[in-house]
Every structure is written in C-alpha cells, then in structure tokens.
Amino acid sequence: MKSPNNAGPPAAEEMEGSGLAKGNLRQQNAPRTPSRDGAPSALERVRQAAKRDRKLRFTALLHHVYDLNRLRAAYFSLKKEAAPGVDGETWRHYGEAVEDNLRDLSERLKRGAYRAKPVRRVYISKEDGRQRPLGVPALEDKIVQRATVEVLNAIYETDFLGFAYGFRPGRSQHNALDALYTGLLTKKVNWVLDIDIRGFFGAPGQAGRFQRVQFPPRQRERAAPPGIEPWAHGGNDMG
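Source: prediction; values computed, not measured. (Residues numbered from 1 in each chain as written. Predicted model: local features only at pLDDT ≥ 70, side-chain atom pairs only at ≥ 80, totals over all residues. Heavy atoms only, no water.)

Chemist: What should I look at first to understand the packing of helix 1 (residues 42-52) against helix 6 (residues 139-156) in this one?
Modeler: When two helices pack together, their arrangement is given by the angle between the helix axes and by the axis-to-axis distance. Direction vectors running N to C along helix 1 and helix 6 enclose 30°, while the axes themselves pass 7 Å from each other. As judged from the angle between their axes, helix 1 and helix 6 are roughly parallel. Contact residues: Leu43, Val46, Arg47 and Ala50 in helix 1; Glu150, Val151, Ala154 and Ile155 in helix 6. In terms of residue class, the contact of helix 1 with helix 6 is made up of six nonpolar, no polar and two charged. (Axes fitted to C-alpha atoms, helices over the stretch in contact; angles between N-to-C directions. Helix = DSSP H or I, 4+ residues; strand = E, 2+ residues; numbered from the N terminus. Parallel < 35°, antiparallel > 145°, perpendicular 65-115°, else oblique. Contact = heavy atoms within 4.5 Å. Nonpolar A, V, L, I, M, F, W, Y, C, P; charged D, E, K, R; others polar.)

Chemist: Got a minute to help me understand helix 6 in this structure?
Modeler: Since the α-helix turns once every 3.6 residues, residues separated by three or four places project in the same direction. Its 18 residues give helix 6 an end-to-end C-alpha distance of 25 Å, which sits within 8% of 26 Å, the value for a rise of 1.5 Å per residue. Within helix 6, 13 of the 18 residues are buried, which leaves the element mostly enclosed by the surrounding structure. (Expected span 1.5 Å × (residues − 1). Buried < 20%, exposed > 50% of the residue type's maximum accessible area, 1.4 Å probe, protein only.)

Chemist: Sorry, what's going on with the pattern of salt bridges here?
Modeler: Two side chains of opposite charge can pair, provided their charged atoms sit close to one another. By the definition in use, this model includes 10 salt bridges. A salt bridge links Glu140 to Arg108, with the nearest nitrogen and oxygen atoms 2.9 Å apart. Residue Glu140 is located in helix 6, and its partner Arg108 is located in helix 5 (residues 98-111); the two are separated by 32 residues in the primary sequence. For the pair Glu140 and Arg108, a shared accessibility class is recorded, and that class is buried. Within the structure, one salt-bridge network assembled from shared partners comprises Asp104, Arg108 and Glu140. (Salt bridge = Lys/Arg side-chain N within 4 Å of Asp/Glu carboxyl O.)

Chemist: Would you mind going over a nonpolar patch on the surface with me for this structure?
Modeler: A surface patch of nonpolar side chains, about 430 Å² in accessible area, is lined by Leu177, Leu180, Leu184, Val189 and Val192. Among the secondary structure elements, Val189 is positioned in the segment after helix 7 (173-186). (Patch = residues over 30% accessible without salt bridge, like charges linked within 9 Å, V, L, I, M, F, W, Y side chains within 5 Å. Areas by Shrake-Rupley, 256 points an atom, 1.4 Å probe, with all protein chains shown as cover.)

Chemist: Help me understand the packing of aromatic side chains in this model?
Modeler: Aromatic ring pairs are described here by two measures, namely the spacing of the ring centres and the angle between the planes. Under the criterion given, the structure shown has four aromatic pairs. On the basis of an interplanar angle of 75° and a centroid distance of 4.9 Å, the ring pair of Tyr75 and Phe76 is categorised as edge-to-face. We classify Tyr75 as buried; its relative accessible area is 1%. On the basis of relative accessible area, Phe76 is assigned to the partly exposed category, the value being 45%. Members of the aromatic cluster, connected to one another through ring pairs, are Tyr75, Phe76, Trp91 and Tyr94. Between the NZ or CZ atom of Arg171 and the centre of the ring of Tyr165, over which it lies, the distance is 4.8 Å. (Phe/Tyr/Trp six-rings, centres within 6.5 Å; stacked < 30°, edge-to-face > 60°. Lys NZ or Arg CZ within 6 Å of the ring centre and 35° of its normal.)

Okay, here's the thing in structure tokens:
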C-alpha cells in the first residue's frame, strides 16, 4: 500500500506502486485448500500482464465486464438513493429481483444485445449563478460503466505514477493537496502551476495517447500472456 501523504516527510512522493484496482478484493484469490497457494484472479492476471509490459495491447476484455460477480459488485457499490435515469428504474426496485436482472444483463452483454439508454440531463446551480450540467444514466448503464471502469483500472492504474491523483480509485483532491503541502514543506519549490484543462481528451493529437485497449479488435499483434483468455464469442465485441 502507498503510505499516507501526511505520514512524514518521506511519504509524500517516495512510493509509486499501484495496488489492486478498486473492488478487486484479495479474498477472491484465497487458496482452495490449506496446502495450495491461491491463484490470481482473472482480472489480477490482466493487471500483472499490464504491469510487465506497458506496450501490451489488450483486445479481449469484455468477458471480464459481463462476469456476474463483477456486475453484482458494481450494483451494490452504487448509491441506493441516487436519482433514476430516463427509464425511472431505481436501485431498490431493481434489487427485488437482482440476481435475475443481473443474469439477464450479463447475457445481453455477452451476445452483443446490450444497448445503453439516453442520459437524463439535469442542471445544478453554482455559486456564481451559472449552471453545471450533469448527466444521469439509467441504472443498468451505471452498473456496466462501473464494471468497465474496474476492468480498465486494472490496466491503466499500472501506468500512473505515485504523484497522479485525478480520477483514480481511492484518491481525491484532498490527497493531492496533502502531497503538495508536504512537498512545499520538505523540498525547495520555486513555483506552483495550476491549470484547468478543458477538452483535453477531444483535442487533436491526444487520441494516440490511449491505445492500450482497442475497440473493436481487428487482429492480435501478439499472443495474449498465459492466463489471459480471449473472448471466444461472436457478435459485437466491445473489447
């Protein structure tokens, strides 16, 4: 684990290791018998492969997304009282038959029949009088998004350095300010740069920075590492 930023002067930026992606619990890898070592989970093997080779491209990831256990964990991680999307489905109503609903969702993802619903637009008033637009997805879309994020985190978390905090699991702006405060106290700092970057991901030339996952796959540039099973189903392969 990365030491807390406020644990002492050396702890702010010394460690740059990445732990398991959020939701990828170590209990999944428990030994089946007392005499056998636990085998890493499928998603953990993806993480290990990504860590070993940063140029490795993954072309078969959808089976990790429609895994029933992953979809179930994604459902229970959602906010129970969150506003419903355009379909009006709530967390509690979906949960009345959650196992049947998740199995149906998994099958639709597997055969390429899943279709995301339109996002409901709401506006939140800001202190300066402007309005901040927010999108409220349907409940099933939230489940699929959460499961997809967990799979992608297993890959991309290995690329980040320890001083990166934006939109990462288990980190927040408070952790970043903690590290900045410690750095200012313990290192010689001449300037601090604060930039609000808008439209970065849509800017020309930025698409080439995110090529570790290909959608959809055309052909494998190299064989998958041992333990990374390709998605063997036909239809619309999301990854």
